[in-house]
Amino acid sequence: QVQLVESGGGLVQAGGSLRLSCAASGFTFTNYHMGWFRQAPGKEREFVAALTRIGDLPFYDNSIKGRFTISRDNAKNTLYLQMNSLKPEDTAVYYCAASQYFGPTSRGAENYDYWGQGTQVTVSS
């Protein structure tokens, strides 16, 4: 019943932009903080960004350096990740996830209850 469905991934050149979307259903979207993670082949899943339930407080990994923006539209039960100035090292499968917690624990994948299947982002040089 619970579903998180990512979309918007694709192949872009370095310096380009993508906007990822995550459509949520089967649970009360506004009861959950949301996050984005990514995983490159052979690498561990890593934290990208998180956002509070009402979307008032974003939290980014330091590696993002202002290039990404996390947002949500609670009326549409949708989470977004705007990615600008993409670099080859951003290449990964990007996952959205829902959590009961927000704060330093948002960095840990173990603190999320629901996960999408991911969308591939490939950045060419």
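About the cut-offs
- Residues numbered from 1 in each chain as written.
- Predicted model: local features only at pLDDT ≥ 70, side-chain atom pairs only at ≥ 80, totals over all residues.
- Heavy atoms only, no water.
- Helix = DSSP H or I, 4+ residues; strand = E, 2+ residues; numbered from the N terminus.
- Rg over C-alpha atoms; globule rule 2.2 N^0.38 Å.
- Buried < 20%, exposed > 50% of the residue type's maximum accessible area, 1.4 Å probe, protein only.
- Contact = heavy atoms within 4.5 Å.
- Areas by Shrake-Rupley, 256 points an atom, 1.4 Å probe, with all protein chains shown as cover.
- Lys, Arg positive; Asp, Glu negative; His and termini not counted.
- Charge placed at Lys NZ, Arg CZ, Asp CG, Glu CD.
- Core = buried A, V, L, I, M, F, W, Y, C linked by side-chain atoms within 4.5 Å.
- Pairing = 2+ DSSP bridges.
- Axes fitted to C-alpha atoms, helices over the stretch in contact; angles between N-to-C directions.
- Salt bridge = Lys/Arg side-chain N within 4 Å of Asp/Glu carboxyl O.

> Can you walk me through the overall build of the protein chain in this structure?
For the protein chain, the helix and strand inventory stands at zero helices and eleven strands. Counted from the first residue to the last, the protein chain has its helices and strands arranged as β-β-β-β-β-β-β-β-β-β-β. Taking 2.2 N^0.38 as the reference for a compact globule, 125 residues should give roughly 14 Å; the C-alpha atoms of the protein chain span a radius of gyration of 13 Å, in line with that estimate. Considered along the principal axes of its C-alpha atoms, the protein chain spans approximately 40 × 30 × 25 Å. Within the protein chain, buried positions represent 42% of all 125 residues. For the protein chain, the share of sequence-separated contacts (at least 6 apart) that also reach a separation of at least 24 residues comes to 58%. In the form shown here, the protein chain has an accessible surface area of approximately 6400 Å², with 46% of it arising from carbon and sulfur atoms. With 11 positive and 10 negative side-chain charges, the protein chain shows a separation of 4 Å between the mean positions of the two kinds.

> Mind showing me how you'd approach the nonpolar core here?
Inside soluble globular proteins, nonpolar side chains tend to come together where they are buried. The biggest cluster of nonpolar side chains holds 27 residues, and the ones touching the most others in it are Trp-36, Leu-79, Leu-81, Met-83 and Tyr-94. Counting only elements with at least two residues in this core, the list comes to β3 (18-25), β4 (33-39), β5 (46-51), β7 (68-73), β8 (78-83), β9 (92-99) and β11 (119-124). Not counting residues up to four positions away in its chain, the partners in contact with Leu-81 are Leu-18, Arg-19, Leu-20, Trp-36, Val-48, Phe-68, Thr-69, Ile-70 and Tyr-94. Phe-37, Ala-50, Ala-97 and Tyr-112 belong to the second-largest nonpolar core, a separate cluster that totals five residues.

> In this structure, what is going on with the sheet that holds β7? I would like to understand it.
Picture the strands of a sheet paired through backbone hydrogen bonds; they go either parallel or antiparallel. Taking strand neighbours across the sheet as the criterion, the four strands line up as β1-β3-β8-β7 in an open arrangement whose pairing is antiparallel. Strands with a single pairing partner mark the edges of an open sheet, and in this sheet they are β1 (3-7) and β7. Averaged over all adjacent pairs, the angle separating strand axes in this sheet is 15 degrees, with direction ignored. Two elements, β3 and β8, share six bridges in a ladder whose sense is antiparallel. Across the sheet, Arg-19 pairs through a bridge with Gln-82, a residue of β8.

> Before we go on, may I ask you to explain the pattern of salt bridges in this structure?
Close approach of charged atoms allows side chains with opposite charge to pair. What the rule picks out here adds up to four salt bridges. A salt bridge links Glu-46 to Arg-38; the shortest N-O distance between them is 2.7 Å. A salt bridge links Asp-90 to Arg-67; its shortest N-O distance comes to 2.7 Å. You can see Asp-90 sitting in the loop between β8 and β9 and its partner Arg-67 sitting in the loop between β6 (58-60) and β7, a full 23 residues away along the chain. With relative accessibility at 0%, the residue Asp-90 sits in the buried group.

So far we have only geometry, and geometry alone does not tell us how the molecule works.
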